[in-house]
Amino acid sequence: MHTCRNCNQSFQTELALELHRDTCNKGQLFCQVCGERFQEGTATQDGWHYECPNEDCDGDGLQDDLYRVEDVRTATH
């Protein structure tokens, strides 16, 4: 079984998990440099290194410039 680390939904195959990550509602990231919100799948190629998909932005690094939307909302309330 393969489990999404964002929403804990399980999948039979790794491919199914990868396809889910592109649309997972809990997998949204926020770039504090440019203010964009985007799906986690658009910010990484390998699941380890993250950068803002906005071509005019230099934001990179999960917890450096990029944060999970869920974490940002929790911290601001």
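Please read all numbers here as calculations on a predicted model, not as lab measurements.

1. Digging into the overall build of the protein
Thought 1: Secondary structure assignment for the protein yields two helices and five strands.
Thought 2: Secondary structure elements of the protein, listed N to C terminal, follow the sequence β-β-α-β-β-β-α.
Thought 3: For a compact globule of 77 residues, the expected C-alpha radius of gyration is about 11 Å, and the protein comes in at 13 Å, within 12% of that figure.
Thought 4: Seen through its C-alpha atoms, the protein measures out along the principal axes to roughly 35 × 30 × 15 Å.
Thought 5: Burial status across the protein gives 30% buried among its 77 residues.
Thought 6: Long-range contacts, defined as pairs at least 24 residues apart, comprise 31% of the intrachain contacts of the protein with a sequence gap of at least 6.
Thought 7: Summing over all exposed atoms, the protein offers an accessible surface of approximately 5,400 Å²; the carbon and sulfur share of this is 44%.

2. Observations concerning unusual backbone geometry
Thought 1: Within the chain, asparagine 8 stands out as a residue other than glycine whose phi angle is a positive 65 degrees.
Thought 2: By secondary structure assignment, the location of asparagine 8 is in the loop between strand E1 (2–3) and strand E2 (10–11).
Thought 3: Among the residues examined, asparagine 8 registers a relative accessible area of 59% and is labelled exposed.
Thought 4: For glutamine 63, which is not glycine, the phi torsion reads 75 degrees and is therefore positive.

3. Observations concerning the environment of cysteine 52
Thought 1: Along the chain, cysteine 52 falls in the loop between strand E4 (37–39) and strand E5 (66–68).
Thought 2: Those residues in contact with cysteine 52, other than ones at most four positions away along the chain, are Cys31, Cys34, Phe38, Cys57, Gly59 and Leu66.

4. Topic: the confidence of the model for the protein
Close inspection of predicted coordinates is inappropriate for parts of the model with low pLDDT.
Thought 1: In the predicted model, the protein carries a mean pLDDT of 85, and the fraction of residues at 70 or more is 94%.
Thought 2: The least confident element of the protein is helix H2 (residues 69–76), whose mean pLDDT is 66; the most confident is E2, at 94.

5. Remarks on the sheet that holds E4
Thought 1: What the three strands build is an open sheet, ordered E4-E3-E5; its pairing is antiparallel. The open sheet is flanked by E4 and E5, the only strands paired with a single partner. Between one strand axis and the next, the sheet turns through 35 degrees on average, direction left out of account.
Thought 2: Two strands pair when backbone bridges link them, and strand E3 (residues 28–31) and E4 are joined in this way by three bridges, in the antiparallel orientation. Looking across to E4, one finds that phenylalanine 30 is bridged to arginine 37.

What counts as what
- Counting restarts for each chain: residues are numbered from 1 in the order of the written sequence.
- Local features in a predicted model are, by the rule used here, given only for residues with pLDDT of at least 70; side-chain atom pairs are given and counted only at 80 or more, and totals for whole chains, interfaces and linings are based on all residues.
- Heavy atoms throughout the structure, all of them, feed into the side-chain values; hydrogens and water do not.
- Helix and strand definitions here come from DSSP, where helices need a minimum of 4 consecutive H or I residues and strands a minimum of 2 consecutive E residues; each element is numbered from the N-terminal end.
- For the radius of gyration, the atoms used are the C-alpha atoms, and the globule rule reads 2.2 Å times the number of residues raised to 0.38.
- Type-normalised accessible area, obtained with a 1.4 Å probe on protein chains alone, sets the label of each residue: buried when under 20%, exposed when over 50%, and partly exposed for intermediate values.
- Throughout, a contact is declared for two residues whenever any of their heavy atoms are within 4.5 Å.
- Surface exposure here means Shrake-Rupley accessible area, sampled with a 1.4 Å probe, where a residue is shielded only by the protein chains that are shown.
- How sure the predictor is of each residue is captured by pLDDT, a score from 0 to 100.
- DSSP-based pairing: two strands are paired if at least 2 bridges between them are found.
- Fitted lines through C-alpha atoms give the axes, limited to the stretch in contact for helices. The angle between two N-to-C directions lies from 0 to 180 degrees.

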